[in-house]
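# Structure assessment
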Amino acid sequence: MYAGESRKRPVTVASLAKMKAAGDKIACLTAYDYSFAAVTDAAGVDVILVGDSLGMTMQGRETTLSVTMEDLIYHARCVAAARPRALLMVDMPFMSHATVDDALRNGARMMKEAGAQMIKLEGGREQVEAVSRLSGAGVPVCAHLGLQPQSVHKLGGYRVQGKDAAAADAMVSDARALAEAGADMILLECVPATVAARVTQEVSVPVIGIGAGADTDGQILVLQDILGITPGKTPKFSHDFMDDAETIQGAVEAYVSAVREGRFPLPEHTF
Ligand code: KIV
């Protein structure tokens, strides 16, 4: 019913770069199936992420660690069936890019089997070679820095990252190294707004944030959080956009315009 309705041009890596250059905020959101992909796309999001957060939102798990390539490919194909105008970004699951060979093999599967237009992988400078090889092979990559949920047990919990000067400097330099290696986008999760602002200024590629303050080039949130259907508490960095909306599409449109107009995130969503 929704497929093909949008008459606007598809979002591409090049158009995201132009948005950064023009200072136009990028609005990104997760989706995991055809119907919600169609609704979020009709609401005007720029990037749909099929995130490994599906471990929680779709499978009811406590972490993302058990999510497989097959899970992500299945959900990405469902989203791709909506033929969104938004760019389709798909997560690389835990340990799927532990070696450069793994990254190339699994990155190729995401492009060929899942319909990904960009892959996202967690990790800092240790991913530079994988990013460089993927990029050289024509695979657009988003590098996920800051809180990396796949390392939750190593980190000892879901904690804000980059709080002290050394960690902040390391994050800025990792972001620079990944962008120089060919990453087309950087995602920052749960980092102090001041650090996210530094990263955004220092790299030429778009930087999107979740819990990273208002000074990034764009924002990304989890669909279930903005619809207020995540069991338990909405995370500090998110907002229930159903509060003032009558429909799901209305809530997503409210999120998109709040991002575009700089009304989200507010200081209360920021670390
Ligand atoms: O998997 C996911 O949904 C993510 C977001 C937290 C950005 O990586």
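That block above? That's the structure.
In this text the structure is predicted, and so the values were computed from the model without any measurement. (Residues numbered from 1 in each chain as written. Predicted model: local features only at pLDDT ≥ 70, side-chain atom pairs only at ≥ 80, totals over all residues. Heavy atoms only, no water.)

### Looking at the site of the ligand
Residues in contact with the ligand, as listed here, are T30, L49, G51, D52, S53, D91, K120, H144, L187, E189 and I210. Within the side chain of D52, a nitrogen or oxygen atom sits 3.1 Å from an oxygen atom of the ligand. Taking D91, its side chain carries an N or O atom lying 3.1 Å from an oxygen atom of the ligand. Summarising the interface, the protein chains cover 94% of the accessible area of the ligand, which totals 260 Å² for the free molecule. Here the ligand occupies the largest pocket. Broken down by class, the residue content of the shell around the ligand amounts to three nonpolar, four polar and four charged. (Near = heavy atom within 4 Å. Polar contact = N/O pair within 3.5 Å; in protein donor to acceptor, adjacent residues only side chain to side chain. Areas by Shrake-Rupley, 256 points an atom, 1.4 Å probe, with all protein chains shown as cover. 1 Å grid on protein atoms, 1.4 Å probe; cavity = no way out; pocket = protein on both sides within 12 Å on 5 of 7 lines; lining within 4 Å. Sits in = over half its atoms within 2 Å of the grid points. Nonpolar A, V, L, I, M, F, W, Y, C, P; charged D, E, K, R; others polar.)

### Looking at the pairing of strand β5 (residues 141-146)
Within β5, six of the six residues are buried, which leaves the element mostly enclosed by the surrounding structure. Covered by surrounding structure in β5 are V141, A143 and L145 together with C142, H144 and G146, the residues of both alternating faces. Bridge analysis of strand β4 (residues 118-122) against β5 gives four bridges, and the strand direction is parallel. Residue pairing across strands places E122 opposite H144, the latter belonging to β5. (Buried < 20%, exposed > 50% of the residue type's maximum accessible area, 1.4 Å probe, protein only. Helix = DSSP H or I, 4+ residues; strand = E, 2+ residues; numbered from the N terminus. Pairing = 2+ DSSP bridges.)

### Observations concerning the pattern of salt bridges
Applying the stated rule across the entire model yields 10 salt bridges. D46 is paired through a salt bridge with R260; the nearest N and O atoms lie 2.8 Å apart. With D46 in the loop between α2 (34-42) and β2 (47-50) and R260 in helix α11 (residues 248-260), this residue pair connects regions lying 214 residues apart in the sequence. R198 is the partner of D169 in a salt bridge, and the nearest nitrogen-oxygen pair spans 3.1 Å. Here R198 lies in helix α9 (residues 193-202) and D169 lies in helix α8 (residues 165-181), a separation of 29 residues in the sequence. When its relative accessible area of 42% is taken as the criterion, D169 is described as partly exposed. On the basis of relative accessibility, which here comes to 32%, the residue R198 falls in the partly exposed class. (Salt bridge = Lys/Arg side-chain N within 4 Å of Asp/Glu carboxyl O.)

### Notes on the sheet that holds strand β6 (residues 185-189)
One closed barrel accounts for eight strands, arranged β1-β2-β3-β4-β5-β6-β7-β8; its pairing is parallel. Ignoring strand direction, the axes of neighbouring strands in this sheet form an average angle of 25°. Note: β6 against strand β7 (residues 207-210), four bridges, orientation parallel. Along β7, the bridge assignment pairs L188 with G209. (Axes fitted to C-alpha atoms, helices over the stretch in contact; angles between N-to-C directions.)

### Concerning the layout of surface pockets
Space inside the largest pocket adds up to approximately 790 Å³. Lining the largest pocket are 35 residues, and of these M56, E189, V222, D225 and F237 sit closest to its centre. Secondary-structure elements contributing two or more residues to the lining of the largest pocket are α3 (54-57), β4, β6, β8 (218-221) and α10 (223-226). Broken down by class, the residue content of the lining of the largest pocket amounts to 17 nonpolar, eight polar and 10 charged. One number sums up the size of the second largest pocket: a volume of about 350 Å³. In terms of lining, the second largest pocket is formed by 16 residues, of which the most central are M95, H97, E122, E126 and Q127. (Points joined across faces, edges and corners; volume = space filled by probe spheres on them.)

### Focus: the packing of aromatic side chains
All chains considered together, the criterion is met by three aromatic pairs. Measuring from centroid to centroid gives 5.7 Å for F241 and F264, while their planes differ by 75°, and the two rings are edge-to-face. One end of the pair, F241, is in the loop between α10 and α11; the other, F264, is in the segment after α11, with 23 residues separating them in the sequence. Summarising the burial analysis for this pair, F241 and F264 share the class buried. (Phe/Tyr/Trp six-rings, centres within 6.5 Å; stacked < 30°, edge-to-face > 60°.)

### A closer look at helix α4 (residues 69-80)
Residues separated by three or four positions in an α-helix point in the same direction, a consequence of the helix having 3.6 residues per turn. An ideal rise of 1.5 Å per residue puts 16 Å on 12 residues; α4 measures up with 16 Å between its terminal C-alpha atoms. For α4, the full list of buried residues reads M69, L72, I73, H75, A76, C78 and V79. Against the buried residues of α4 lie α2, β2, α3, β3 (87-91) and α5 (100-114). (Expected span 1.5 Å × (residues − 1). Contact = heavy atoms within 4.5 Å.)

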